[in-house]
Amino acid sequence: MRRLALLLALCLAGCTVNTPAPSGLALPAPPGAPVVVTLGDSVPAGTACDCDPFPDLYARRISPDARSVNLAQPGFTSADVRGQVGVAGVRAALRGATVVLIMAGANDLAGAFDNDRDDDAYQASAARVESNVAAVVGTVAQIHGTPVTVLVLGYWNVVKDGAAGLATYGADGLSSAESATHYANQALRQASDRSGARYVPTTPAFKGDDRDQDPTALLAPDGDHPNAAGHQAIADALYAALPAG
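Because the structure is a prediction, the values reported are computed rather than measured. Residue positions are given per chain, counting from 1 as you read along its sequence in written order. Note on the predicted model: pLDDT of at least 70 is required for a residue's local features to be given, and 80 or more for side-chain atom pairs to be given and counted; whole-chain, interface and lining totals, by contrast, use all residues. Hydrogens are left out, water is left out, and the side-chain values use all remaining heavy atoms of the structure.

Visitor: Quick one: what's the story with the overall build of the chain, residue by residue and with numbers?
Guide: Within the chain, the secondary structure is distributed over 10 helices and 5 strands. Residue exposure (1.4 Å probe, protein chains only): buried if accessible area is under 20% of the type maximum, exposed if over 50%, otherwise partly exposed. For the chain, the proportion of its 245 residues judged to be buried stands at 53%. Only heavy atoms enter the contact rule, under which two residues are in contact if any of them lie within 4.5 Å. The long-range share in the chain, meaning contacts at least 24 apart out of those at least 6 apart in sequence, stands at 76%. Reported accessibility uses the Shrake-Rupley method at a 1.4 Å probe radius. Residues are deemed covered only where the shown protein chains occlude them. Approximately 10500 Å² of the chain is accessible, and the part contributed by carbon and sulfur atoms is 51%. Where helices and strands are cited, they refer to DSSP runs of H or I of at least four residues and of E of at least two residues respectively, numbered from the N terminus.

Right under this line is the structure:
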């Protein structure tokens, strides 16, 4: 908690913060420069990739003067993010946001995948994701007090994919993972629709429009997280959904 408070204090003073590894101090953003605040799990946090995560890439894409305040935490579920927006420092960061990115829910469905691998478990977990993410968006709007753009990202897979996923789960396991991912993305889209956020899918970036491409080249060796090319692909998808201006 002390580490999070320190990071928040630094970012509010004008630095760029990435979790788990802070990117270091940066010059204060000029007045009116965009501020991108990110909430979520290990994907936006940049886990397993010694690279700039997609929130930073997207911020630089919309403006060279933009700040990225990356508050994503590895292992976070949608309930964890819902609790996080109650923290005073997080609320202060959100109050100054121009764009808020939310990517959460994979860990909720991954738990159901690990334990049950059936539609009932997936649907129950997805229902919680929808409720939690819609509540997060509502809290962001309440905190901000004025209209703010919120982008909710979907997943190409809630667990391992590509060659690593096939080796770990087999073909049947990957098929079940696709079902879990479908329920997660459906929940995220519905949460966006009911809360006024914009849903941004990532499946086309990793698997193509027809979902027939192998995503291995965009994944870290663990098969669970994007590599540098994968983070760039997500940033490009975000920019296509909401370009500068």
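After that view of the structure, there is still more to cover.
Visitor: Which residues make up the environment of Asp161, and what values do they have?
Guide: As for its position among the elements, Asp161 is in the loop between β4 (149-153) and α8 (162-195). Discounting residues that sit within four places of it in the chain, Asp161 has contacts with Trp156, Leu174, Lys207, Pro215, Leu219 and Gly223.

Visitor: Which residues make up the sheet that holds strand β1 (residues 35-40), and what are the values?
Guide: If DSSP finds at least two bridges between two strands, the strands pair. Read from one edge of the open sheet, 5 strands run β2-β1-β3-β4-β5, paired in parallel fashion. Whereas interior strands pair on both sides, the edge strands pair on one side only; in this sheet they are β2 (67-70) and β5 (198-200). Strand after strand, the sheet turns through a mean of 20° between neighbouring axes, direction not considered. Simply put, an axis is a line fit to the C-alpha atoms, just over the touching stretch for a helix, and the angle between two N-to-C directions goes from 0 to 180 degrees.

Visitor: I'd love a proper account of the pairing of β1, names of residues and values included.
Guide: By the criterion of burial, β1 is predominantly enclosed, with 6 of the 6 residues buried. Burial along β1 is two-sided: the face carrying Val35, Val37 and Leu39 and the face carrying Val36, Thr38 and Gly40 are both buried. Pairing between β1 and β2: 4 bridges, direction parallel. Considered in β2, the bridge of Val36 is made with Ser68.

Visitor: Give a detailed account of the state of the cysteines, specifying residues and quantitative values.
Guide: When two cysteine sulfur atoms lie within 2.5 Å, the pair is treated as a disulfide. Here the structure, examined in full by the defined rule, presents 1 disulfide. Across the disulfide from Cys49 sits Cys51; the S-S distance is 1.9 Å. Its S-S torsion of approximately 125° makes the covalent link between Cys49 and Cys51 right-handed. The exposure class of Cys51 is partly exposed, given its relative accessible area of 21%.

Visitor: Before we move on, could you go through the nonpolar core and cite the residues and values that matter?
Guide: Take the buried residues of types Ala, Val, Leu, Ile, Met, Phe, Trp, Tyr and Cys, join any two whose side-chain atoms come within 4.5 Å, and each joined set is a nonpolar core. If you look at the biggest cluster of nonpolar residues, it comprises 70 residues, and the most contacted ones within it are Leu39, Phe54, Tyr58, Leu94, Leu101, Val150 and Leu238. Looking at this core, the element that brings in the most residues is helix α7 (residues 119-144), giving 10 residues. Here Val150 is in contact with Val100, Ile102, Val137, Val140, Ala197 and Arg198, once residues within four sequence places are set aside.

Visitor: Outline the pairing of strand β3 (residues 99-103), supporting the account with residue identities and numerical values.
Guide: Burial analysis of β3 places 5 of its 5 residues in the buried class, the great majority of the element. Residues Val99, Leu101 and Met103 line one face of β3 and the alternating positions Val100 and Ile102 line the opposite face, and both faces are buried. Here β1 pairs with β3 via 5 bridges, running parallel. Its bridge partner lying in β3, Val36 is registered against Val99.

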